[in-house]
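# Coordinates in review
Here's the letter readout for the chains.
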Amino acid sequence: MNDHLHQPFKVKDGLELHFVNDIAIIVMNNGENRMNPAFVDDFNVLLDEVERNSSCKGLITTGRGKFYCNGIDLDWMKQNPQKLAEFLSQTNKFIIRLLLFPVPTLAAINGHAFAGGAVMAIAHDLRVQSQNQGWLCLNEVFINLRFERGLVSLMRTKVGGGHLFTDAAVLGKRYTGPEALKSGLVHAAPPMSLMLAESIQLLKSFYGKSGYPRKSLQLMKSDVFRDALDLFKTFSNEMANSFTAKL
Amino acid sequence: MSVKSSAHLNAPVRNVGTMTLYFVDDIAVIVMDNGENRLNDTFVIAFNELLDDVESNSCRGLITTSVGKFYCNGLDLAWMNEISKEQTRDFFLKFSKLIMRLLLFPVPSLAAVNGHAFAGGALLAITHDLQVQRRDTGWLCFNEVFINKQFIKFHYTLMRTKIGTGHSYTDAVILGKRYTGPEALINGLVHAAPSMPLLLSESIQLLKSFYGKSGYPRESLQLMKSDVYRDVINQYQQDLSEGHIINKGDIIAKKAKL
C-alpha cells in the first residue's frame, strides 16, 4: 500500500517512518506487529523523530498486509515472566504517549487489530478502517484478560457510553470496517486502495492550514482524559495479575 | 440597522440594551442583536435580567437566538484587554454562574443557532437543553484548542454530559471540529438543522413537542436537572472553592493583554 511513498526517513527493525509533506506515517511491517519491549522501544524512537520535526502536523500509523497489530506478544511473555510487570508498565506509558501526542493522530487500520492492537488504535484521535479486510476487536474477554481502570475510562471517553461501549468491551464484538463506521468506532471505511489518501485527507480536514498549536493540543488532551490519566496513575499494576495467570 | 429574524413576533416585552425579550404563546424568546454578541459584563447583566423576567412569567419554554451572522462568537477579548484583573476575575465568576443558571433553568431551554457559535458561544449553546442550528451557514465550534485556551474543569464535565462521550465529544473538544448545521445534526450535537426561514418555527415546534400540553412542573424539572447534572454541579463548586474560575480569569486577562 505504501510503495508509492518516499523512501522512509528512518527504519527501526520492522517499523518505518515516512514523512509525506507535513504528515508523518509510521508503517508497521512485521507480520502480526505484536507488542513486546523491542516493538515499543522502536516505536518510541520513531515517535521521538516525529516530535522533533516541528513542521509535522499529523501522524498516521498503519500496518502492511493482513495485520494492523494483533496485540501483546504472548510468546515473548511466556518466555520472560520475570519481566512482565515492567513490560506492562512500559506498554501503558506507550499507550498514554499516543493518547497525549502533540499532533493529531490517525490509526489507518489496514487489517486485524485485536486486543492490545485495538487498544492502540483506540488511543489515536481518529481511526480509518479498511472496508474489506480485517477486524477491529477488543477480544480480551475471550482470552481471560482484563482491562485496568485507566483503560476502561479511556475507552469509555473515546468509544462512548451505551451499547456501543458494552458490545465492544464487555462482549468483545468483532467489527468489520463498515460495522465500525456504523457504530462510530472509526471515521471512515474506504477500500484498501484509498486508505492512505482518505486518511491523509481526513487528518488534514481537522488540522486545517496551520495545524494545532502543539502545547495547546496536548493540554486539551490531558484535560479531556483527566479521569483516565488519574486512574492509570493510581491503579497501575492491576493488570499484571491477569497476565500472570495466563503464563 | 440589522433585520430582526423575529420581526414577525409579537411586540417585544422588554429591551435591555441590545437584548430583547418576546413571548410567543407560552414560549419566551430572547433575541441578541449586538453583532458578534461577545460575552462581557453587559451581556451577562442583560441576559440575567431577561432570565429573571422569564422566570417570573408563567411561560413553558425558553428560546435564545440572534440575528445576522452570529449566534455568539465567544469572550469579548478586546474588552478584557481594557479592564483590570479584578474585573476580569469578577466577570468569570459571573459568567460561570450564568452558565450554571442556564443549565438548571426551570423551563426547557433551546438555543436556535442562527449563525456562528464559537468558543464561549458554543458553550453557551450547548448549555441549553436543546439545540437547533441553521442549515446553510454558520459553524458551531469549540475552537479553544486552536487559540491556546483550555476550559475550566466543570466545562469538560458539562460538555461530556451534554455531547456524550465517544468521537463526537473528542472531535468537538480536542480537535475543535467545525460543524455546519447538517454535520452537527449527524453528530448528535443539535436536534434539527432547518433552513433559516424555518429556524424559529422549527424551534418552537421542537420545544413544544417536549413540554406537551401542560409544560414541565418547574420544581420537578429543576430537581431533575440537578440530579442528572450532579457531576457538573459538584465540579463547579469544587472549581469555585479551589479558585480555578478566577485562575482562568487571570490566564485570559494575561493573554488578552499580550
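## Re the sheet that holds strand E1 (residues 14–16) of chain B
For sheets, the rule is that strands pair by backbone hydrogen bonds, running either parallel or antiparallel. All names here are of chain B. Pairing is mixed across the open sheet formed by six strands, whose spatial order is E1-E2-E3-E4-E6-E8. Looking at strand neighbours, the two that pair on one side only are E1 and strand E8 (130–133), the edges of this open sheet. With direction set aside, neighbouring strand axes in the sheet form an average angle of 20°. Of the pairings in the sheet, the one linking strand E6 (residues 109–113) to E8 comprises four bridges and is parallel in character. From the neighbouring strand, Val113 faces E8, where its bridge partner is Gln133. Of the strands in this sheet, E1, strand E2 (19–24), strand E3 (27–32) and strand E4 (61–66) touch helix H1 (residues 41–56), which is tilted by about 20° from E2. Along the sheet, helix H8 (residues 199–211) contacts E2, E3, E4, E6 and E8; its crossing angle with E4, the most-contacted strand, is approximately 160°.

## Points about the interface of chain B and chain A
Facing the 19 residues of chain B at the interface are 25 residues of chain A. In this assembly, chain B packs against chain A so that about 1,900 Å² is buried in total across both faces, 66% of it on carbon and sulfur atoms. Linking chain B to chain A there are one salt bridge. In this structure, the salt-bridge partner of B:Arg160 is A:Asp227, at a minimum N-O distance of 3.6 Å. For the interface between chain B and chain A, the tally reads seven residue pairs in polar contact (both at pLDDT 80 or more). The dominant element in the side of chain B that touches chain A, judged by the number of residues it contributes, is helix H6 (residues 167–173) of chain B, at five residues. Broken down by class, the residue content of the side of chain B that touches chain A amounts to eight nonpolar, six polar and five charged.

## Side note on the pattern of salt bridges
Residue and element names in this part refer to chain A. In total, this model carries 24 salt bridges over all chains according to the counting rule given. Here Glu49 ties to Arg52 by a salt bridge, and the two come within 3.6 Å at their closest N and O atoms. Of this pair, Glu49 and Arg52 both sit in helix H1 (residues 37–52), three residues apart, roughly one helical turn. Here Lys221 and Asp125 are joined by a salt bridge, their closest N and O atoms 2.8 Å apart. Note that Lys221 is positioned in helix H9 (residues 214–224) and Asp125 in the loop between helix H4 (116–123) and strand E8 (126–129), a separation of 96 residues in sequence.

Parameters at a glance
- Residues numbered from 1 in each chain as written.
- Chains lettered and ligands numbered in written order.
- Predicted model: local features only at pLDDT ≥ 70, side-chain atom pairs only at ≥ 80, totals over all residues.
- Heavy atoms only, no water.
- Pairing = 2+ DSSP bridges.
- Helix = DSSP H or I, 4+ residues; strand = E, 2+ residues; numbered from the N terminus.
- Axes fitted to C-alpha atoms, helices over the stretch in contact; angles between N-to-C directions.
- Contact = heavy atoms within 4.5 Å.
- Buried area = accessible area lost by both parts, 1.4 Å probe.
- Salt bridge = Lys/Arg side-chain N within 4 Å of Asp/Glu carboxyl O.
- Polar contact = N/O pair within 3.5 Å; in protein donor to acceptor, adjacent residues only side chain to side chain.
- Nonpolar A, V, L, I, M, F, W, Y, C, P; charged D, E, K, R; others polar.

Geometric values such as these leave the question of function open.
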